[in-house]
Amino acid sequence: MSLKDVIIKERLPRHIAVIMDGNGRWAKKQGNARIFGHKNAMKAVRDVCEACAELGVDYLTLYAFSTENWNRPKMEVMGLMDLLVSAINTETDTLIKNNIRLNAIGRLTDLPEKVLVNLKDAIDRTKDNTGLTLTLALSYSSKVELVEAVQSVARDIEAGKISADSIDASVISDHLYTRGMPDPDLLIRTSGEFRISNFMLWQLAYSELYFTPILWPDFDKEELYKAIVDYQQRERRFGMTSEQIG
Ligand code: IPE
Ligand code: IPE
Ligand code: MG
């Protein structure tokens, strides 16, 4: 039996975010170079996208590269950028076939030209799709996102468009990269690390967190179903009491 059959269709997380971690350790465990782990991460990405599309999840956000990851050895960074280009090129047709709309958040202008060009093209080719929205977080830092949001709000004040007193949570949300998207209901982090690593600090305020020791290249549809079933067994109280929710 698949755990898929246990999932309650009416209570699906609308937005799932994933910190895809553990590629390097996965490769090292078998005596291979870290890049081998990144190469083998694609299958898990494909599996999770497909499963979300099949289930009817509206938003899937994948943390693929942080601003801090630029500090890794140059060879690894270059290898990752090359993999990104080839993944975009080989997978865009599948995205179109599955009605998936591609989106990207982060300091995209930091990316090498060839990544940016291919990414923009794929985003454009999938822009009219109406199924799952797949967002890649690339050169992403939540702190940078918040700094840019504050700068942008400050500029609106300088221009006389809004007053300082009118700033509320929705104004901040509207200035983030994720504007227009619902906050994640479920955050999954693989590889047994219990940290957020500068990911969606604002948006995760009330997300359910799910940590698994599975290394990302071993993550598959069944692992995703397991996370969703776990999520569905939780009570989201948003500060209220159990009685109020029930
Ligand atoms: C996640 O796997 C992929 C990226 C951060 C790009 P890692 O490369 O972080 O793998 P570990 O955590 O070192 O095993
Ligand atoms: C987080 O993984 C970033 C991505 C998955 C893209 P890292 O491997 O970079 O995180 P830390 O450094 O272990 O916190
Ligand atoms: Mg890691």
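Everything numeric here is computed off the predicted structure, so don't read it as measured data.

So, on to the site of ligand 2. Surrounding ligand 2, one finds Ile-19, Met-20, Asp-21, Tyr-63, Ala-64, Phe-65, Asn-69, Arg-72, Arg-189, Arg-195 and Ser-197. At 3.4 Å, a side-chain N or O of Arg-189 approaches an oxygen atom of ligand 2. In the environment of ligand 2, an oxygen atom lies 2.7 Å from a nitrogen or oxygen atom belonging to the side chain of Arg-195. Within the complex, the protein chains bury 78% of what would otherwise be the 390 Å² of accessible surface of ligand 2. Of all the elements, strand β2 (residues 59-66) adds the most residues to the shell around ligand 2, at 3 residues. Residues that form the shell around ligand 2 fall into these classes: 5 nonpolar, 2 polar and 4 charged.

A separate point is the site of ligand 1. Near ligand 1 the following residues occur: Met-20, Asp-21, Gly-22, Asn-23, Gly-24, Arg-25, Arg-34, His-38, Ala-64, Asn-69, Arg-72 and Leu-80. In this structure, Asp-21 approaches ligand 1 through a side-chain N or O atom, which is 2.8 Å from an oxygen atom. Calculation on ligand 1 without its partners gives an accessible area of 380 Å², and the protein chains cover 87% of this total. Mapped onto the shell around ligand 1, the elements with two or more residues apiece are α1 (23-29) and α2 (34-39). Of all the elements, α1 adds the most residues to the shell around ligand 1, at 3 residues.

A cluster of nonpolar side chains, contributed by Tyr-206, Phe-238, Met-240 and Ile-245, occupies part of the molecular surface with about 380 Å² of accessible area. By relative accessible area, which is 33% here, Ile-245 ends up partly exposed.

Scoring rules and cut-offs
- Residues numbered from 1 in each chain as written.
- Chains lettered and ligands numbered in written order.
- Predicted model: local features only at pLDDT ≥ 70, side-chain atom pairs only at ≥ 80, totals over all residues.
- Heavy atoms only, no water.
- Near = heavy atom within 4 Å.
- Polar contact = N/O pair within 3.5 Å; in protein donor to acceptor, adjacent residues only side chain to side chain.
- Areas by Shrake-Rupley, 256 points an atom, 1.4 Å probe, with all protein chains shown as cover.
- Helix = DSSP H or I, 4+ residues; strand = E, 2+ residues; numbered from the N terminus.
- Nonpolar A, V, L, I, M, F, W, Y, C, P; charged D, E, K, R; others polar.
- Patch = residues over 30% accessible without salt bridge, like charges linked within 9 Å, V, L, I, M, F, W, Y side chains within 5 Å.
- Salt bridge = Lys/Arg side-chain N within 4 Å of Asp/Glu carboxyl O.
- Buried < 20%, exposed > 50% of the residue type's maximum accessible area, 1.4 Å probe, protein only.

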